[in-house]
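Take a look at the letters that make up each chain.
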Amino acid sequence: MSALLLLTSALQPSAEVLPGLALLGHSVKILPAEGSALLEAPDSDLLLVDGRQELAHARDLCRLIRTTGSDIPVLLVVTEGGLAVVAADWGMDDVVLHTCGPAELEARIKLAIGRLAAQREADDPESHVIRSGEVVVDDATYTAKLGGRHLDLTFKEFELLKFLAQHPGRVFSRQQLLQEVWGYDYFGGTRTVDVHVRRLRAKLGPENETLIGTVRNVGYRFVLPSKEKERADERNEERTDA
């Protein structure tokens, strides 16, 4: 469920402005269609601007929202007539007809929120970094370090280390690793996994080769140092309790 703000000057409930919204489970807060209303507006995931009757005012409001620096997705609600005149420079992220059904409306809401989340993740340099113990894998630059030491890895060695480090403690069979790292279209045998694990361990060094653990008759796992494992277990317990 998302938190939505509906900016409208109509003295009507949200179901009258956008009937499809009433059939969805989102939390909707209605505010006057004025820029000043946003000053004390609660946090929200998406803004809906009512442009059914006062389209020029709705256009100016969308543009005003963008000048504030807010990156919250803005959906402009219009009639069939309004749809013919909207333009990209109005500042909204998408346009929706006031008569659209709940399925279409839900899809547009999810897409708009999803695009923002993806953009924020792309803009966050730490979102590409995987840290497990002293191993640091940067998916953006395809570099890996161990305790500050750069690891000279081949592409598949990097992908294997990255995948295992993303799931510390979890055991993967050789077949699973083939599918996840080499892809479903790879027709080689599982022996290639053993070869790459051996090479990866050699590059980690004798004192760190145990980071890639072997589970007899099953496969491999990334082994966290004891303190890191305790922290990971605590985080997992917190997520379970929540």
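Since this is a predicted model, take the numbers as computed values, not measurements.

K.L.:
Help me understand the overall build of the protein chain, please; the structure alone is not making it clear to me.
P.N.:
Scanning the protein chain from N- to C-terminus turns up 8 helices and 12 strands. Long-range contacts, defined here as pairs at least 24 residues apart, represent 54% of the contacts in the protein chain between residues at least 6 apart. Put simply, the protein chain shows about 13900 Å² of open surface, and 50% of that area lies on carbon and sulfur atoms.

K.L.:
It is not clear to me how the packing of aromatic side chains should be interpreted in this structure. Could you clarify?
P.N.:
What the rule picks out here adds up to 3 aromatic pairs. Ring centres of Tyr142 and Phe158 lie 4.9 Å apart, and the angle between their planes is 40°; on these two criteria the pair is classed as tilted. Pair noted here: Tyr142 is in the loop between β7 (135–138) and β8 (143–146) and Phe158 is in helix α5 (residues 155–166), with a separation of 16 residues, a long-range link. Tyr142 sits in the partly exposed class, given a relative accessible area of 43%.

K.L.:
Looking at this model, I keep getting lost on helix α7 (residues 191–204). Mind explaining?
P.N.:
Here α7 contains 14 residues, and its C-alpha end-to-end distance of 20 Å stays within 8% of the 20 Å for a straight helix at 1.5 Å per residue. Inspection of α7 places Thr192, Val193, Asp194, Val195, His196, Val197, Leu200, Arg201 and Leu204 among the buried residues, and these make up the whole buried set. Summarising the contacts, the buried residues of α7 are in contact with β8, β9 (149–150), α5, α6 (174–182), β11 (212–215) and β12 (219–222).

K.L.:
For this particular structure, what's the right way to read the sheet that holds β12?
P.N.:
For sheets, the rule is that strands pair by backbone hydrogen bonds, running either parallel or antiparallel. Across the sheet, 3 strands lie side by side as β10-β12-β11; this open sheet has antiparallel pairing. A strand with exactly one partner marks an edge of an open sheet, and here the two such strands are β10 (172–173) and β11. Alignment of β11 against β12, held across 4 bridges, turns out to be antiparallel. Bridging from a neighbouring strand, Val215 pairs with Gly219 of β12. Where α5 meets the sheet, it contacts β10, β11 and β12, and its direction lies at approximately 70° from that of β12.

K.L.:
When you look at the nonpolar core in this model, what are you seeing that I'm missing?
P.N.:
Burial of nonpolar side chains together is a common tendency in soluble globular proteins. Counting 27 residues, the largest nonpolar core has Leu161, Leu177, Ile212 and Phe222 as the members making the most contacts within it. The leading source of residues in this core is α5, at 6 residues. In this view, Phe222 contacts Ser132, Val135, Leu161, Leu164, Ala165, Pro168, Gly169, Arg170, Leu211 and Ile212; residues no more than four positions away in its chain are not counted. In terms of nonpolar packing, the next biggest core, distinct from the first, is built from 20 residues, Leu7, Leu47, Cys62 and Met92 among them.

K.L.:
Explanation requested: the packing of α5 against α7 in the structure shown.
P.N.:
At their nearest, the axes of α5 and α7 sit 10 Å apart, and the two run at 85° to each other. Put simply, α5 runs roughly perpendicular to α7. Residues Lys156, Glu157, Leu160 and Leu161 of α5 lie in contact with α7, whose contacting residues are His196, Val197, Arg199, Leu200 and Lys203. Here the contact of α5 with α7 is built from residues that sort into 4 nonpolar, 1 polar and 4 charged.

K.L.:
What should I look at first to understand the pairing of strand β4 (residues 74–78) in this one?
P.N.:
Each regular strand shows side chains that alternate between the opposite faces of the sheet. Burial analysis of β4 places 5 of its 5 residues in the buried class, the great majority of the element. Side chains Val74, Leu76 and Val78 project from β4 onto one buried face, and the interleaved Leu75 and Val77 project onto a second face that is buried too. Sheet topology places strand β3 (residues 46–50) next to β4; 4 bridges connect them, and they run parallel. Bridged to Leu47 within β4 is Val74. In terms of strand pairing, β4 meets strand β5 (residues 94–97) through 4 bridges, oriented parallel. Note on β5: the bridge partner recorded for Val77 is Val96.

The rules behind the values
Residue positions are given per chain, counted from 1 along the sequence in the order it is written. Whole-chain, interface and lining totals are the exception, using all residues; otherwise, since this is a predicted model, local features are given only for residues with pLDDT of at least 70 and side-chain atom pairs are given and counted only at 80 or more. The side-chain numbers reported here are obtained from all heavy atoms of the structure, hydrogens and water having been left aside. By the criteria applied, helices consist of DSSP H or I runs no shorter than four residues and strands consist of E runs no shorter than two, each listed in order from the N terminus. Should any heavy atoms of two residues lie within 4.5 Å, those residues are counted as being in contact. The accessible surface values rely on the Shrake-Rupley method and a 1.4 Å probe; as for residues, cover is taken only from the protein chains in view. Side-chain rings of Phe, Tyr and Trp, where Trp is taken by its six-membered ring, are said to pair if the distance between their centres is within 6.5 Å; with planes under 30 degrees apart they count as stacked, over 60 as edge-to-face, and otherwise as tilted. Note on classification: 1.4 Å probe, protein chains only; a residue is buried when its accessible area is under 20% of the maximum for its type, exposed when over 50%, partly exposed between these limits. For a helix, the expected span equals 1.5 Å multiplied by the number of residues minus one. DSSP calls a pair of strands paired once it identifies at least 2 bridges connecting them. In this analysis an axis means a line fitted to C-alpha atoms, helices contributing only their contacting stretch, and an angle means the value between N-to-C directions, from 0 to 180 degrees. We call a set of buried residues a nonpolar core when its members are Ala, Val, Leu, Ile, Met, Phe, Trp, Tyr or Cys and they connect through side-chain atoms within 4.5 Å of each other. With respect to orientation, any angle under 35 degrees is reported as roughly parallel, any angle over 145 as roughly antiparallel, any angle of 65 to 115 as roughly perpendicular, and every other angle as oblique. Under the scheme applied here, ten amino acids are nonpolar (Ala, Val, Leu, Ile, Met, Phe, Trp, Tyr, Cys and Pro), four are charged (Asp, Glu, Lys and Arg), and all others, including Gly, are polar.

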